[in-house]
Amino acid sequence: MTTATIASLLLILASEGFCQIHVKGFVGGGLLIRCRFKDQYNQHTKYFCKGDKSRCPSKRHGRSQDDRYKEFNDKEEGSYVVFIKQLSLSDAGNYGCAVDSTHLDIDTYIPVSITMKQDDCCKGPLTRTAAVGQRVNISCRYPKELSVNTKYFCKQGAVLTCSSPSEASLRYRWTFSEADDDDRLAFTVSISNVTGKDLGVYWCGVRTGGNTGSVALLTEVHLKDQDTEEHTGPLPPSSSSSGA
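Now for a look at the structure at hand. Every chain is numbered independently, its residues counted from 1 as its sequence is written. Two thresholds apply to this predicted model, a pLDDT of at least 70 for residue-level local features and 80 or more for giving and counting side-chain atom pairs, whereas whole-chain, interface and lining totals are computed over all residues. Neither water nor hydrogens contribute to the side-chain values; these are computed over all heavy atoms in the structure.

1. Observations regarding the state of the cysteines
Disulfides are defined in this document as cysteine sulfur pairs within 2.5 Å. Per the counting criterion, the structure on display carries five disulfides. Each sulfur of the disulfide joining Cys 35 and Cys 97 lies 2.0 Å from the other. Taking the torsion about the S-S bond as the criterion, the Cys 35 to Cys 97 disulfide, at about 45 degrees, is right-handed. Of the two residues, Cys 35 sits in strand 2 (residues 30-36) while Cys 97 sits in strand 6 (residues 93-99), which places them 62 residues apart along the sequence. Here Cys 35 and Cys 97 have matching classes, each one buried. Numbering of helices and strands runs from the N terminus; a helix is a DSSP stretch of H or I covering at least four residues, while a strand is a stretch of E covering at least two. Three exposure classes are used, based on accessible area relative to the maximum for each residue type with a 1.4 Å probe and protein chains only: buried under 20%, partly exposed in between, and exposed over 50%.

Encoded structure:
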């Protein structure tokens, strides 16, 4: 069997949910973990659990247990997605994505391994301001060990939507540019002609978990309206009248 054939088989297995997902997170950041099951389970309820398969479903680990977690189904991609923020070293360990069924097997359970690291790149949240109609540049740093991985920029809403450089200009008014200095380890995302809909929470991210579509979310960025921020300040002190 050739190396190319083996690589193709691994990619197919990963896409079908047969392989363990290994993701790397960074303290203070977040993770977007994408689990793909067979099409026959698209309408089934999914859940995320902590520990190995034997501890599911008794150790369900979602928003009801920890408000740092958010789960949603990406119907376009046909995947179950877990979003975790405010990561700490204690989040390292074994987890699993599972289909809500009476029996967990190779088709209904995907093991997930989270490794946690600490890096100066991943500090936040950051606040950036922009005036409506103008252009804003957001600088995103990343750790050297992930320098060759695909970069992502994500908008947080009811779901977390991420785009790579090749997708951003097609789906949004975003453009990516890499720093000329390799030692700087940063990329810049520019949003042109900012509108009110562009304001909100974003994440700078880098691919993790191989070809699963998972993303290490490195820095949380809050984009706010410049005019509102400039006109918002502390209330003036109340004046008191003195009686004679």
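2. Points about the sheet that holds strand 1 (residues 21-26)
Here, a strand pair is defined by DSSP locating no fewer than two bridges between the strands. Taking strand neighbours across the sheet as the criterion, the four strands line up as 1-7-6-3 in an open arrangement whose pairing is mixed. At either end of the open sheet lies a strand with only one pairing partner, and these are strand 1 and strand 3 (46-50). Strand-to-strand twist across the sheet, computed as the mean angle between neighbouring axes with direction ignored, equals 25 degrees. Angles run from 0 to 180 degrees between N-to-C directions of axes, and those axes are lines fitted to C-alpha atoms, restricted for helices to the stretch in contact.

3. As for the pairing of strand 15 (residues 215-225)
Taken across its eleven residues, strand 15 has nine buried, putting it largely inside the fold. Where strand 2 meets strand 15, three bridges bridge the pair, whose relative direction is antiparallel. Within the sheet, the bridge partner assigned to Leu 31 lies in strand 15 and is Ala 216. Here five bridges tie strand 8 (residues 126-130) to strand 15, and the two strands are oriented parallel to one another. Looking at the pairing, Ala 130 lines up with Asp 225 of strand 15. As paired strands, strand 14 (residues 200-207) and strand 15 are joined by eight bridges and run antiparallel to one another. The residue of strand 15 that forms the bridge with Trp 203 is Glu 220.

4. Here's the deal with the pairing of strand 4 (residues 69-74)
Remember that side chains alternate between the two faces of the sheet whenever the strand is regular. As paired strands, strand 4 and strand 5 (residues 79-84) are joined by six bridges and run antiparallel to one another. When the bridges of strand 5 are listed, Phe 72 appears paired with Val 81. Between strand 4 and strand 5, which follow one another and run antiparallel, lie four residues, and Gly 78 among them has a positive phi close to 65 degrees.

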